[in-house]
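# A structural walkthrough
What follows is the residue order along each chain.
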Amino acid sequence: MNRNKVFITLFALSLSATSAFAYDKTSEAAKKYSPYANSDMPMNVYWGDSHVHTGLSLDAGLFGNVLVPDDAYRLAKGEQLTASSGVPIQLSRPLDWLVVTDHTDLMGIATDIKAGTPNILADKKGKEWHEGFKKGGKAAGEAAFDLIGNFAQMTLPEQLVDDYSPGSKVFGGVWKQIVDAADKHNEPGLFTAFIGYEWTSVPKGFNLHRNVVLRDGGDKALKVQPPTTQPPLGSTDPLVLYKWLEDYEKNQNGQAFAFAHNGNLSNGWMFPTEDTYAGGKVNNNYVKLRAKWEPHYEVTQIKGDGEAHPTLSPDDEFADYGTWDIGNLDISQLKKPDMLKGEYAREALKQGLALEKKLGTNPYKFGLGGATDTHTSLATADEDNFFGKSTSVEPNKDRSSHPFVKSKLGAHEGYALLASGYTGIWAAENTREALFDAWERKETYGTTGPRMRVRMFGGWGFTENDLYANNSAAIGYEKGVPMGGELVKAKGKAPSFMVTALKDPQSANLDRVQMIKGWIDKDGKLHEKIYDLAVSDGRKIDDDGRAKEPVGNTVDLKTATWIDNIGDVQLAAVWTDPDFDKKESAFYYVRVLEIPTPTWILYDVVKLGAKVHKNAELVGQERAYTSPIWFSPK
Amino acid sequence: MMKKLLSDPLIHFLLIAVLYFVAYDSLNPNTNELETIVISSGKIEQINNNFLTRWKRLPNEKELQRAIKGFATKDAYLREAISLGLDKNDPVINSQLHKKMLYLIEDMASAEEPSEQVLQDYYQLNQDKYLGPAIYSFTQMYISTDRPKDELDQLLSTQQERMLKGLAPIGDPSLLQTDFTDATDFHLTRNLGSEFSERLKDKPLNKWFGPIESALGLHYIYLTNHIAAKLLTLENIKQKVLIDWHYQNQKSVQEKYEQQLLEQYKLEVQMPKSKGMLTKKEVKSETSKEPAQ
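The rules behind each value
- Position numbers for residues start from 1 in each chain and track the written sequence from start to end.
- Starting at A for chains and at 1 for ligands, labels are handed out in the order in which the entities are written.
- This being a predicted model, a pLDDT of at least 70 is required before a residue's local features are given, and a value of 80 or more before pairs of side-chain atoms are given or counted; all residues contribute to the totals for chains, interfaces and linings.
- Strands are runs of DSSP state E lasting at least 2 residues, helices are runs of H or I lasting at least 4, and numbering of each runs from the N terminus.
- Expected span, for any helix, means 1.5 Å times one less than how many residues it has.
- Between the buried cut of 20 or more and the exposed cut of 12 or fewer other C-beta atoms within 10 Å of a residue's own C-beta lies the partly exposed class, and all C-beta atoms are placed from the backbone.
- Only strands joined by at least two bridges in the DSSP assignment are considered to pair.
- Handedness is read with the strands pointing away from the viewer; a crossover is right-handed when the path from the first strand over the helix to the second is clockwise.
- Each domain's extent was defined by an automatic or database domain assignment.
- Note on geometry: axes are lines fitted to C-alpha atoms, helical ones only across the stretch in contact, with angles between N-to-C directions running from 0 to 180 degrees.
- Working definition: roughly parallel below 35 degrees, roughly antiparallel above 145 degrees, roughly perpendicular at 65 to 115 degrees, and oblique for all remaining angles.
- Placing a C-beta atom from the backbone of each residue, one calls two residues in contact when those atoms lie within 7 Å.
- In this classification, the charged set is Asp, Glu, Lys and Arg, the nonpolar set is Ala, Val, Leu, Ile, Met, Phe, Trp, Tyr, Cys and Pro, and all remaining amino acids, among them Gly, are polar.

Now for unusual backbone geometry. Residues Ser420 of chain A and Gly421 of chain A are joined by a peptide bond in cis, for which omega reads -5°. Mapped onto the elements, Gly421 of chain A comes out in the loop between β12 (411–413) and β13 (422–427). With a phi angle near 60°, Asp202 of chain B is a residue other than glycine that sits in the positive phi range. Within the secondary structure, Asp202 of chain B is located in the loop between α9 (196–200) and β3 (208–213). Backbone geometry at Asn206 of chain B places phi at a positive 60°, although glycine is not the residue there. Along the chain, the position of Asn206 of chain B falls in the loop between α9 and β3.

For the rest of this paragraph, the subject is helix α3 (residues 41–55) of chain B. Residues and elements named next belong to chain B. Over its 15 residues, α3 extends 21 Å from the first C-alpha to the last, a length consistent with the 21 Å expected when each residue adds 1.5 Å. Of the positions making up α3, those classed as buried are Gly42, Lys43, Gln46, Ile47 and Phe51. Positive backbone phi, approximately 60°, marks Lys56, located one or two places after α3.

Residue and element names in this part refer to chain A. Buried residues dominate strand β8 (residues 296–301), accounting for six of its six residues. By the bridge criterion, three bridges tie strand β7 (residues 256–261) to β8 in an arrangement that is parallel. Counted as the bridge partner of Ala260 is Tyr297 from β8. Tracing the backbone out of β7, into helix α13 (residues 284–293) and back to the parallel element β8 gives a crossover that is right-handed. Counted between consecutive antiparallel strands, the loop separating β8 from strand β9 (residues 304–305) contains two residues.

On to the domain arrangement of chain B. What the domain assignment reports for chain B is domain 1 (37–88), domain 2 (89–126 + 240–261) and domain 3 (133–227). Once you take the C-alpha centre of each, domain 2 of chain B and domain 3 of chain B turn out to be 47 Å apart.

This next bit is on the packing of helix α6 (residues 116–125) of chain B against helix α10 (residues 238–263) of chain B. Residues and elements named next belong to chain B. Contact geometry of α6 with α10 gives a least axis separation of 10 Å together with a crossing angle of 90°. By the criterion of interaxial angle, the relationship of α6 to α10 is roughly perpendicular. Taken together, the residues of α10 that come into contact with α6 (itself represented by Leu119, Tyr122 and Tyr123) are Val241, Leu242 and Trp245. Classifying every residue of the contact of α6 with α10 by side-chain character gives six nonpolar, no polar and no charged.

In structure tokens:
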């Protein structure tokens, strides 16, 4: 883009040198005449799930998931499939992109037999099979059965077994399968299939998982192996993952980043401020590396919502949404209140300001997104079309009443699963490059499933007229920065924000749009405050910035339906921070709430005749969280 | 006493047994032959590579010996476990073996390439999947329906009058874009709901009409271009059709294989006698657990 601009400027200069004066006069204005030429303005929001496991992941396979990445992409692209539990499934509408994040282990021998790689041909049996495959027809069938027989009996030639075990030169069958499937389904302009994997660090049951997304294609991805977390080769320390990313970028000349999820199951270790679980310190090195390699956070997913916690944010009546409060991932240790500080995104954004003051870098300056983390290969986040966390909890009437994880200490209950979420990415086009770059500049937002269209710009002079202007977004970029951006130098006045939210045409009306501000005062104390920017149905916003009156509830518990006669189709506001202090670092992010709608549990009751636990939520307010805009006084 | 003992049939039996064992032993000398654990050169290479990944150098002699011993110990354990039958009925192992079979079938199926004719037939049969997008260009004026009915009716009739006079209708302020240029039906569904593009079909070009309904409210439309969805030619989307064919082929190869597989066995189902068929209620769904990773 920049290169194009430079080129065009050079071209224009060379023209002006040789052409008539009349052209010179108009060239500057004319060059800017077409608003679409050279525009890389992100005008579209592209929806996807950044966290899907298929049957290739050992754990998912154990739960009976027989669907592979190919199936995951096909569902995401809108095709109808049969789920592993035998039920037909289709998404309400296609997604624009997907990251399959399987874990990898051995395999890949059959592919090489077909191809006749040197190590296969060096083996007598291998050569036989290869020739059989080459002949095709009956001979291929016989070769295949012979191979399968040897495989099942574990009587493959020793050399070949060695060759296809982790660590050997030709290992990588599953990784190759993942990469190949992504390359096959990546259709620039139509659908983006990212290459990625999950790094499953979970020391002592404390969830420290990270997903990794590559900007690149198979040519680079196949030159590396994803790192493992199992000793002796692997490590559960994120610093080791950062090293992998560093090496990848340096050696392959590629680009990649990592993002974490489920701080709520880390028992305080996701966002450390003093010590890390691996035994390190939150020091200069840690904050720099974390800020560099983790520009994003998966704030909402099936295993609970991680935006805010009612104990940390007692003044936020919407904070208790999808709260998982029992313990760590395997419930080997129960949750204590003092752990929450290291678990939730809003608190981490605040702690990041304090760490920035202390160490000079904010390690928790991340954008926000949502994903499912499903182990079914099926990226479902809609309440009325929810295929659960694993094949064992695909639609069946008992899934909400059975514990999902159980230990001697407690249980993550089946009804606690949240049909959530997706990520919207603002970009100019649907390609790996454009989406990845938007992700890195944090122009993303997460939702708990609905695809509402949310924009936020922060700057120094937005007016009400800008909101409904037909080039509103262009004004946003011209006068300010989009979500994920940074404002500096206050010039004595308070920043203003232009925020717009349009409902998902296939979901419910909107209740309200809120600004959530966090800041650090001159004594180093951290604060947060919520402002309602726009509320539906003409309700009043009080002087303290809040609309106290709830939007109401139209959900019919007998039929699992709602009526859009409350809430609004669109909500928009220009808002200037009334409590701004130009010496205080701050962040601002938008939360959009839908009117109450049925949860998947209520749909299970109505559609499957499920019985429900008394603590289960039958009605909820789905929501969107934008990446913040940060203000920095320096 | 001795005589009595010597005539006891039990003693005879024991003596014969002892003689038999002595004879067997001398005829079959204990060779003490051991089973072999082979550490192949491939395995050594693998150990070296593992070491290299972790420590960025090759192991020295002592380290290599330690790794070899470690591998041998593991292998001996494995053999012992298998001889004790510990691999039987292990859900982790069973699931892995099942998965390996599925990989092999998939790989086998992918070896087959369709002829031109087969691909052509598949394309013909699945034409609905190979439609290009319908394309629309139009200007829209949005009318919010979030107002009292009388007021809405009044507003709509005012707009009708404007259109009759050849004037453009005036819409409410909207976050929706006003001009849609070469928008696909996919794009319209995304922004205006699933039925909107359907409602634009067969509408006149270059004049205002409406209102037509979307998921967001009502819209007056000035349509300037409409291109119906067209079947894409096989030449243009051959790669996609080929990928789809492989996907379907793999499914059917798997089905055929499973059928053949079951034909190799006699199925014997032992229903519980007292109850006959289990009812749905009695089949308790398995307690689900969080996947380990």
